[in-house]
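One-letter residues, chain by chain:
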Amino acid sequence: MLAGLVLALIAGSLVSLQNIFNNRVNEKTGSWSTTTLVLGMGFVASFGMSLAVEGKGTFAALRNMEPWYWISGLIGVGVVICLVQATKLLGATFAISIVMTSQLGFALLWDSLGWLGLEKVPFTMNQLIGVLVIVGGILVFKLGGKREQQETA
């Protein structure tokens, strides 16, 4: 469990860091160039690591995969484009907080409904309250920051 927590914390920090880098690239090149760079470099890095760590035999397992799982790469395009634009319009902290809340809400929905091959997990009011508390925290964070800015101006 501890390893899972550490990996999740690292993933969160990497998503935030990547978002900042993507935003800087986007300022110089544009959204589609940024997406091409991000996903292209990601492909090269993961392909190389896959060969080095797992060997070329693991690619044979791709033939046995459900065909609709292949759209994951297309989803990645949407993630990068939307996140780059959201960061440009909202700022990094606000955009990432909305993205993470959306991830949590949709993960709760898909778990509760058992969609996409997930084991169905019963929906509880505690889960809903948890998501609503996070949304409330984002609102306090965003609205509280605006009041402070207005007072100092």
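Residues numbered from 1 in each chain as written. Predicted model: local features only at pLDDT ≥ 70, side-chain atom pairs only at ≥ 80, totals over all residues. Heavy atoms only, no water.

### Some details on the overall build of the protein chain
Stage number 1. Scanning the protein chain from terminus to terminus reveals five helices and zero strands.
Stage number 2. For the protein chain, the C-alpha atoms occupy an extent of roughly 60 × 45 × 30 Å along the three principal directions.
Stage number 3. Within the protein chain, buried positions represent 16% of all 153 residues.
Stage number 4. For the protein chain, contacts bridging at least 24 residues in sequence account for 58% of all contacts bridging at least 6.
Stage number 5. As displayed, the protein chain has an accessible area near 11400 Å², and 72% of this comes from carbon and sulfur atoms.
Stage number 6. If you average the places of the 9 positive and of the 7 negative side-chain charges in the protein chain, the two averages end up 9 Å apart. (Helix = DSSP H or I, 4+ residues; strand = E, 2+ residues; numbered from the N terminus. Buried < 20%, exposed > 50% of the residue type's maximum accessible area, 1.4 Å probe, protein only. Contact = heavy atoms within 4.5 Å. Areas by Shrake-Rupley, 256 points an atom, 1.4 Å probe, with all protein chains shown as cover. Lys, Arg positive; Asp, Glu negative; His and termini not counted. Charge placed at Lys NZ, Arg CZ, Asp CG, Glu CD.)

### Side note on the packing of aromatic side chains
Stage number 1. Tallied over the entire structure, the rule returns two aromatic pairs.
Stage number 2. Taken together, a centroid distance of 5.6 Å and an interplanar angle of 15° make the contact between Phe43 and Phe47 stacked. Note that Phe43 and Phe47 are positioned in helix α2 (residues 31-53) at a spacing of four residues, about one turn of the helix.
Stage number 3. Given the relative accessible area of 38%, Phe47 is considered partly exposed.
Stage number 4. For the pair Phe106 and Trp110, a centre-to-centre distance of 5.4 Å together with 35° between the ring planes defines the contact as tilted. One end of the pair, Phe106, and the other, Trp110, are both in helix α4 (residues 92-113), four residues apart, so they sit about a helical turn from each other.
Stage number 5. Above the face of the Phe94 ring, Lys142 is positioned so that its terminal group lies 4.8 Å from the ring centre. (Phe/Tyr/Trp six-rings, centres within 6.5 Å; stacked < 30°, edge-to-face > 60°. Lys NZ or Arg CZ within 6 Å of the ring centre and 35° of its normal.)

### What to know about the pattern of salt bridges
Stage number 1. Taken as a whole and assessed by the stated rule, the structure comprises one salt bridge.
Stage number 2. Note that Arg24 and Glu27 form a salt bridge whose closest N and O atoms lie 2.9 Å from each other. Here Arg24 pairs with Glu27, and both are found in helix α1 (residues 2-29), just three residues apart, close to one helical turn.
Stage number 3. Residue class for Arg24 comes out partly exposed when judged on its relative accessible area of 47%. (Salt bridge = Lys/Arg side-chain N within 4 Å of Asp/Glu carboxyl O.)

### Topic: unusual backbone geometry
Stage number 1. Positive phi, normally seen in glycine, also occurs at Leu116, with a value near 60°.
Stage number 2. Considering the arrangement of structural elements, one finds Leu116 in the loop between α4 and α5 (125-152).

### Description of the environment of Val15
Stage number 1. Mapped onto the elements, Val15 comes out in helix α1.
Stage number 2. When the C-alpha atoms of Val15 and Ala45 are compared, they prove to be 16 Å apart, with 30 residues separating the residues in sequence.

### Describing the confidence of the model for the protein chain
Stage number 1. Overall, the predicted model of the protein chain reaches an average pLDDT of 86, with 94% of residues at or above 70.
Stage number 2. Across the protein chain, the secondary-structure element scoring lowest on mean pLDDT is α5, at 79, and the one scoring highest is α2, at 91. (pLDDT = per-residue confidence, 0-100.)

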